[in-house]
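# Results of the structural survey
What follows is the residue order along each chain.
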Amino acid sequence: MMPSEDTGGDRNNGAVAQQGREAWSRALWARLVERLDAFIPEALRQGDSLELSRARMVVGLCLCLTGGSLVFLGLLRLTPYAWSMGVMSGLCGGGFLGVLALLRWRASTRLPALLLCSMLSGVIAFTTLHMEMLAMATHAASVLVPVMAVYLLGWRMGLGFSVLSILTPLVFYPLTTSPPGLSAMEWSLSIFTAIFAVFGWAVSSLFLSFRTEAHATLEQTRKTLLENEGELSSLIESTDDVVCSLDVEGRLITANQSAKHYFQRIFGEEISPGEFIFSALPPERQLRWKERLERARGGNRLKEEVSLPAFQEGRKLVELELTVSPVRSEQGEVVRLTVFGRDVTERKAAEARLSELHRGLVDASRQAGMAEVATGVLHNVGNTLNSVNVSASLVAERLRGLRVSSLEKAVQLLREHEADAGTFLTEDPRGRQFPAYLEALTAQLVQERDAVLTELRALCDGVEHIRVVVGMQQQYARFSGVVEEVSLPELIDGALRLQTVSFGRAGIEVRREYADVPSIWVDRHKLLQILINLLSNARHAVKEGGRQDGCLTLRVVPGDAGRVCIIVADNGMGIAPEHLPLLFTHGFTTKKDGHGFGLHTSALAAEELGGLLSCASAGRGQGATFSLELPVRKERPREEGSTATR
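Model, not experiment: these values are computed from the prediction.

Quick look at the pairing of strand β12 (residues 624-631) now. With 6 of 8 residues buried, β12 lies mostly within the body of the structure. Of the pairings in the sheet, the one linking strand β10 (residues 563-570) to β12 comprises 8 bridges and is antiparallel in character. Paired with Val-564 across the strands is Leu-630, a residue of β12.

A few words on the packing of aromatic side chains. All chains considered together, the criterion is met by 2 aromatic pairs. Positioned over the ring face of Phe-276 is Lys-290, at 5.4 Å from the centre of the ring. A cation over a ring is seen here: Arg-292 above Trp-289, with NZ or CZ 4.6 Å from the ring centre.

Sheet architecture is open: 5 strands sit in the order β7-β9-β10-β12-β11, paired in mixed fashion. Every other strand in the sheet has two partners, leaving β7 (509-514) and β11 (612-616) as the edge strands with one partner each. The average undirected angle you get between the axes of adjacent strands in this sheet is 15 degrees. Strand direction decides the pairing type here: β11 and β12, joined by 5 bridges, are antiparallel. The partner of Ala-616 across the bridge, within β12, is Thr-625. Packing of helix α18 (residues 524-545) onto the sheet brings it into contact with β9 (551-558), β10, β11 and β12, and relative to β10 it is tilted by some 25 degrees.

Turning next to the pattern of salt bridges. With the rule as written, the count across this model stands at 16 salt bridges. Across the pair Arg-54 and Glu-51 runs a salt bridge whose closest N-O atoms are separated by 3.3 Å. Here Glu-51 and Arg-54 lie together in helix α3 (residues 49-76), a separation of 3 residues that amounts to about one turn. In terms of burial, Arg-54 and Glu-51 fall into one category: buried. We note a salt bridge from Glu-321 to Arg-347, for which the minimum N-O separation is 3.9 Å. One end of the pair, Glu-321, is in strand β4 (residues 316-328); the other, Arg-347, is in helix α12 (residues 345-401), with 26 residues separating them in the sequence. Judged by its relative accessible area of 16%, Glu-321 is buried. According to the relative accessible area criterion, Arg-347 is partly exposed, its value standing at 36%.

Here we have 5 strands laid out as an open sheet, ordered β2-β1-β5-β4-β3, and antiparallel in their pairing. Of all the strands in the sheet, the pair left with one neighbour each is β2 (252-255) and β3 (302-310). Averaged over neighbouring strand pairs, the angle between their axes works out to 25 degrees when direction is ignored. In terms of strand pairing, strand β1 (residues 242-247) meets β2 through 3 bridges, oriented antiparallel. From the neighbouring strand, Leu-246 faces β2, where its bridge partner is Leu-252. The sheet contacts of helix α11 (residues 283-297) involve β3, β4 and β5 (334-343), and relative to β3 the element is tilted by about 155 degrees.

Looking now at the confidence of the model for the chain. Across the chain, the average pLDDT comes to 77, with 82% of residues at 70 or higher. Mean pLDDT across the elements of the chain ranges from a minimum in helix α17 (residues 500-505), with 69, to a maximum in β10, with 92. Under a pLDDT of 50 for its full length, residues 1-5 has, in the predicted model, 0 contacts with residues more than four places off or in other chains. Per-residue pLDDT stays below 50 along residues 636-646; that stretch engages in 12 contacts with residues further than four places along the chain or on separate chains.

The biggest cluster of nonpolar side chains holds 38 residues, and the ones touching the most others in it are Ile-520, Leu-527, Ile-566 and Leu-628. Those elements giving two or more residues to this core turn out to be α16 (488-497), β8 (520-523), α18, β9, β10, α19 (598-608) and β12. Sort the elements by how many residues they give to this core and α18 lands first, with 9 residues. The residues touching Ile-566, leaving out its near neighbours within four places in the chain, are Leu-488, Ile-492, Leu-527, Leu-531, Arg-555, Phe-626, Ser-627, Leu-628 and Leu-630.

Between helix α5 (residues 110-131) and helix α8 (residues 155-176), the shortest axis-to-axis distance is 10 Å and the interhelical angle comes to 15 degrees. It follows that α5 is roughly parallel to α8 by the angle criterion. Seen along the crossing, α5 lies across α8 with a hand that is right-handed. In contact with Arg-110, Leu-114, Cys-117, Ser-118, Ser-121, Ala-125, Thr-128 and Leu-129 of α5, α8 contributes Met-157, Phe-161, Leu-164, Thr-168, Phe-172, Tyr-173 and Thr-176. Classifying every residue of the contact of α5 with α8 by side-chain character gives 9 nonpolar, 5 polar and 1 charged.

Conventions used here
Residues numbered from 1 in each chain as written. Predicted model: local features only at pLDDT ≥ 70, side-chain atom pairs only at ≥ 80, totals over all residues. Heavy atoms only, no water. Buried < 20%, exposed > 50% of the residue type's maximum accessible area, 1.4 Å probe, protein only. Helix = DSSP H or I, 4+ residues; strand = E, 2+ residues; numbered from the N terminus. Pairing = 2+ DSSP bridges. Phe/Tyr/Trp six-rings, centres within 6.5 Å; stacked < 30°, edge-to-face > 60°. Lys NZ or Arg CZ within 6 Å of the ring centre and 35° of its normal. Axes fitted to C-alpha atoms, helices over the stretch in contact; angles between N-to-C directions. Contact = heavy atoms within 4.5 Å. Salt bridge = Lys/Arg side-chain N within 4 Å of Asp/Glu carboxyl O. pLDDT = per-residue confidence, 0-100. Core = buried A, V, L, I, M, F, W, Y, C linked by side-chain atoms within 4.5 Å. Parallel < 35°, antiparallel > 145°, perpendicular 65-115°, else oblique. Left-handed = near helix turned anticlockwise from the far one by under 90°. Nonpolar A, V, L, I, M, F, W, Y, C, P; charged D, E, K, R; others polar.

Pasting the structure below:
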């Protein structure tokens, strides 16, 4: 293990040293560029980058050539041309300084570059001809002049200086030598110089063309990026949402005006770039946010809802929905984080108000449903009370019609003849009729007694029915909200018992078609509320239809997997096609005295039970069929999204 560890340590040390050398090189180059820019006017420094590079090249060449002129002056003292060439070197040095001065006062490099290239070409030609040394014309400097001219002045001007560099060794020098002409070796050097001058001009021209094209492409790209950046900045600044850019440690890089406004509003001050974005929060909340940002650095996109007290608004809570997204580099590493925030305070308040209104609506609907059930109960109790009242009146009339007075007269007659009862019964004509009279009176009393007993039984049945109806209502109300196992046929029959008298008086035939289905787990009260509402609507529909063969059919059939279906079908007045989509909406009704709560409440109750209430009708006069589909087992509430951590 040790060698590998040493190798790893050496590799790390080498990388650190390489980074140090690169940093030193960048710093040295930055200082050099800074020194060169001191000779360049502000207009050029702020202008085109290609023109700025030419200006730096002119400054660098002038400084180098001035220094070279000084060195050349020192070396000329060792030659026989010290005086003439010394004057020439001094003039060149002054010319180079003049080029620097000219560049300092102009916004273009064209004229300074032309003077610089002209002086260099002239110096090379003068030196070659004056000293009669072909070596000066075939020197590397003579090839560099065309290259430099192409870069500073373009390929056309560079071609002129290239021709001058070619003519000096091939034409001017041979004509000025004594005797005229060149040796074979000198011709070879001159030709090679001419060829390399052409090559230098051609390569420099290609380089300049490619560089100009690349520069144009770069400038166009830069312009496009600036335009896109401007559009993006305008878009970000135009939104009222919070937009921030963070480094991987959660420190602020930049933020839009809306973000700065919220920083000022919540924290009482703006957050400076480089500062942790949640630095104003308590330490424990800072720690929680650092943990979340750590998950974002792992590449996860986070969405949180936070409640922050507004510093400038009496600690009023500001609800923000924050989304933290990682920004990846080309290598897939997370290099930055973006934070988008939306103020949802008003939305939260509206949701709270809407929830309160919904609860009020549900309560009102439930109360309306309870009122519907109570109305049905009172209707049945009222009908039964009418029957009880009739039976009680008949009993009273029968009792008042009993021949009790005749019996009293017979008893009085017996008491009058109590002393001679035997003689009265055998000899008196009235006495001999007395047994037959008693027999007839007894038969009549027995008949009237039976009639009274019959009415009393009807009266007792009515009272018992009232007791059963009230008891069932109390039972269902008492167990409201409790999920229990319920037999559908029994519950439907119980709902029918609450409406028996109503269906009987309306002459409506009730048919039951119950398939063999399992018991279901349901809130008995809610299901009873739905059934009573459907039965009541069916009764009204059949009565308004005016049919003599009014019929209501109740079916229980298996539904889809794990579900059962209760069907309530009638042959009443039916439902118009345009009313079907509105049937279960709140407040919609076709009854003159309706309130529009019944079916809406039933539909809501069906959803709470995990089921679905639907309706079908062929049209007016064609009856209607309501279907209630319910799960056999109580369905679990749907899972909602995770709540925000605050």
